[in-house]
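# Structural features, examined
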Amino acid sequence: MTSLIETIYIIDDDSLIRRALSRFFEYEGYAVQTFESADTFLVFNHKTGPGCIILDVMMPGKSGLELQAELNAVSSSLPIIFISGRGTIPMSVQALQGGAITFLEKPVENDELLRVVREALEDHRSILSENAEREEILRRFHTLTHRERQVFGCAIQGMLNKHIAESLNISESTVKTHRRRIMEKMSANSVPDLVRMVARADLDNFTP
Amino acid sequence: MSDKSDKIRILVIGRNLQHQAGLLQETDPEGFRVRVALGLIDALDPVELDPPDVILLDSTESIENSSEILMRIFNHYVTNQISVHTLTPGKENSDLNTCVDMRTGVNQLAEQIKSESALFRRIKNAVDTKRNSKTPPPPDQLKIDFRERGEYLSQILENLSGIIVVRDAIDPSSVYINRAFEKITGVAREEYYREPGVFLRAVHPDDRERVKRSWLEFLMTGGGETEFRFQQKDGSVRWVWARNAAVKNPDGEKVLVLTIAEDITQRKRSEIQLMEQKENLEEIVRSRTIELENLNKSLSQIIEKQKQTEEELRQAEESYRTIANFTFDWESWTDPDRKLLYVSPSCERITGYTAEEFMDDPGLLNRIILPDDLPPKEKHFQDHHNNPGIPSQGDLKFRITHRKGSIRWIEHSCQPVTNSQGQFLGVRGSNRDITLRKQIEEQNRQHRKELARISKETTLGEIAATIAHEINQPLTSILTNAQTAQRVLEDNFPCCPEIKDILSDIVTADRRAKEVIQRIRDLLGPKTIKRSRVDIGKVIAETITLLSSEISIAGISVHLELAEDLPGVNADRIQIQQVLVNLISNAIDAMTVTPVIQPTLTVSTRSVKTNDQVEVIVKDTGPGINPELSRKIFEPFVTTKPHGLGLGLVISNSIIDAHNGRLSIESDPGQGTRCVFSIPVTPEDSP
């Protein structure tokens, strides 16, 4: 689990708003990065740590909604909170369909904004930890040999050693050896542990 | 004119008429002396040696082959005023049904003459008329009922540059010729009245044959025209273009016979000059073939051009003649007491009522005028009769109910008529049917109304949204700052109540401002989109119609390149029309403010299959937008127009945005501007 400091990315073409928001969030103890346009944010190589975006909708150049679409296209995990001074219902619908945390009308109450920012960061932190866990499981899975993966696949379906030996045409003792090696490599204590890992890492469709 | 005997000398020409000749002689042996010539050749001697009073001519006698003889007979007809009648003998001797008075060319005898006695009466009348008219007519020859309206007519006729000869169709000896005759022929009118033969004698000797031929043609067919020369006593020559026409009254009876001869000397001269030029040129070309070939070509072009000019001139003359013969507008003449003297037949075309009905029923006009329009019309008529002197040029417009029930708009012009002493004789009025013009005006008005409505609907909403945005921005920073300050204060300086109150008030005021703006937005904000399947090509065509007057005033040519079988788009028709109105108006303005050569507006559509959208492109050939302005073209209140609000593109952009489409503008300074917007296809039309 990463413990990097949480960063709030504020994207708004109005410098007074950028300053006011960054003043507030810095006081609340967050790291803040401000951008005057969608493009300046895109060229900025932002950190991989937990964070969230506070995004204005109407801006010269790319709009907030267009930025959202581009970030979705590159599978960015950063949660987005939209703020708009002239939002419309279709706009907010589009934003939420695109996965935004929420869509707030300007001016925004500090407490409200803080609440949704915390929510967003919480989300992002769990996304990041899930991602980290998934990557770890995948890393371990990739250390298995071809035969071990075959045995792995049979084991998580609840097959007995005898049946595994029959279907793979190997001896039962060899199956036992493979199982022990699998448990070691995957750091698992039991078959249910293995099943849980498969679910976490979306290994459902792994090919033995 | 031999008048030795009291007997009427009748020459019957044609073997088929022998029976009629015998009958004539029997009918009145004392009064008639009838001679028969079996053919045209046989008729020549009697005509020239002993001119008869009346000629009866078998109309089946071949005219073409005997034109020479006819011409000679005709000569006598002109000089001796012989009355010539043609008969077509039928199978039965009494079947005399076609009888044209050659002298006037009028069909007055063409009515069915059932009995020979009727024919004889006719002949007698013709002879009597001729005898009575032997005394030279008074100088003011026009005996026709022109006296009353003649003041008007003769004023016009007298001043025409062409020769006008007006003959009464019933009484051909009643004749009028205008002053132009004197100018063109050098012969006094009195001479003509005394002796009509001077007309022919004034014609250039080489052209007399042609003149006679054309007169004959007119008598036979009722049409025909000719160009010929008058030769004045001093030898100078005037070319004229002459035409004969019969003027009919509304019942189809011929009333007047008109001869119109326009002076075309000027044109002829340049024609002759041109001919000479061309001949000279050809001579030169012949001697110096190659190097002059190009010159010849260019000169031929010049000649062609000049000929074109002549043709135009000729056409202008033609239209002038048409005007002289026939008035299109509904003309009326009233005397100083507002009594109607004359109404032109064209009143029937405009009102459905005939001239007679107007003449017989003085109240008719006022009855067909719409009650609302009557008082101004009455006032106008009263003013112009009581205080004559000021002509009116379409000042008065009123509506009438056509006989068939439709409403017609009339534009009335009038001018006072005075005689040479300046005495007021009445008013000449001219009523023009301007219904079509009014309808077009009304359509334009409706279009404008719709245009204004469409643009108002969204402009207000856009202003509200724009103000909301512009004010919400500072409100946002105020609120955030105030609340941050409250937090900082609370944490670090809890003992400062005044500042705490101040910040609290700022926050409250900010929230109130936000509410006010929210209310304005709710009230005026953008209306919800009423989506339906919209045929974008149709909307484009409608918009072009809506703006057609602006387009034509600016002299812009429009190219529509609309893709066929374009899918319908899912859109609010009115809002999309508003976008088109904005973009097209911008294009028109761009090409109007800075004049461009051949201003062209192109509107095209295409289907973008990859993302199920329809693309509309509005392109102008205006000066383009400078790059600095181009960057902030979608910001509110940015405009290039002196009186523009700077919202057109903002509104268009937000409409297209709300339709999940995209609007973009490309402009190369000096190359024009290209606006492109896309709208998603309706679900039912997408594959």
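Here's a quick rundown of the structure. Here the structure is a predicted model, which is why all the values come from computation and not from measurement.

### Quick notes on the packing of aromatic side chains
Residues and elements named next belong to chain B. Taken as a whole and assessed by the stated rule, the structure comprises 17 aromatic pairs over all chains. With centroids separated by 6.2 Å and ring planes inclined at 65 degrees, the aromatic side chains of Tyr 192 and Phe 199 adopt a geometry described as edge-to-face. For Tyr 192, a relative accessible area of 3% gives the class buried. For Phe 199, a relative accessible area of 16% translates into the label buried. Just above the ring of Phe 381 sits the side chain of Lys 377; from NZ or CZ to the centre is 4.1 Å. We note Lys 438 situated over the ring of Trp 409; from NZ or CZ to the ring centre the distance is 4.3 Å.

### Observations regarding the nonpolar core
All names here are of chain B. Residues Ile 536, Leu 580, Ile 584, Leu 601 and Phe 677 are the most contacted members of the largest nonpolar core, which totals 40 residues. Taken together, the elements giving at least two residues each to this core come down to helix H18 (536-546), strand S18 (569-571), helix H20 (573-593), strand S19 (600-608), strand S20 (613-620), helix H22 (648-658), strand S21 (662-668) and strand S22 (672-680). The element contributing the most residues to this core is H20, with eight residues. For Ile 536, the contacting residues outside a window of four places in its chain are Leu 566, Val 569, Ile 576, Thr 605, Val 614, Val 616 and Ile 679. In this structure, Val 166, Val 187, Val 198 and Val 203 belong to the second largest nonpolar core, which totals 28 residues.

### With respect to the sheet that holds strand S3 (residues 51-56) of chain A
All names here are of chain A. Read across the open sheet, the five strands follow the order S2-S1-S3-S4-S5; overall the sheet is parallel. Taken across any chain shown, the strands that pair with only one partner, and hence form the sheet edges, are strand S2 (31-35) and strand S5 (102-105). The mean angle between the axes of side-by-side strands here comes to 20 degrees, regardless of whether they run parallel or antiparallel. Along the sheet, helix H3 (residues 64-73) makes contact with strand S1 (7-11), S3 and strand S4 (80-84), crossing S4 at roughly 170 degrees. Each of S1, S3, S4 and S5 is contacted by helix H5 (residues 110-141), which is oriented at about 135 degrees to S3, the strand it contacts most.

### Structural notes on the interface of chain B and chain A
Each side of the interface is counted separately: chain B has 25 residues, and chain A has 26 residues. Carbon and sulfur atoms make up 47% of the area that chain B and chain A hide from each other, which totals about 2300 Å². For Arg 662 of chain B, the salt bridge is made with Glu 66 of chain A, and the minimal N-O distance between the two is 2.5 Å. Across the chain B-chain A interface, the total number found is 13 residue pairs in polar contact (both at pLDDT 80 or more). For the side of chain B that touches chain A, the secondary structure elements donating two or more residues are helix H16 (435-492) and helix H17 (497-524) of chain B. Top element by residues in the side of chain B that touches chain A is H16 of chain B. It accounts for 19 residues.

Conventions adopted
Residues numbered from 1 in each chain as written. Chains lettered and ligands numbered in written order. Predicted model: local features only at pLDDT ≥ 70, side-chain atom pairs only at ≥ 80, totals over all residues. Heavy atoms only, no water. Phe/Tyr/Trp six-rings, centres within 6.5 Å; stacked < 30°, edge-to-face > 60°. Buried < 20%, exposed > 50% of the residue type's maximum accessible area, 1.4 Å probe, protein only. Lys NZ or Arg CZ within 6 Å of the ring centre and 35° of its normal. Core = buried A, V, L, I, M, F, W, Y, C linked by side-chain atoms within 4.5 Å. Helix = DSSP H or I, 4+ residues; strand = E, 2+ residues; numbered from the N terminus. Contact = heavy atoms within 4.5 Å. Pairing = 2+ DSSP bridges. Axes fitted to C-alpha atoms, helices over the stretch in contact; angles between N-to-C directions. Buried area = accessible area lost by both parts, 1.4 Å probe. Salt bridge = Lys/Arg side-chain N within 4 Å of Asp/Glu carboxyl O. Polar contact = N/O pair within 3.5 Å; in protein donor to acceptor, adjacent residues only side chain to side chain.

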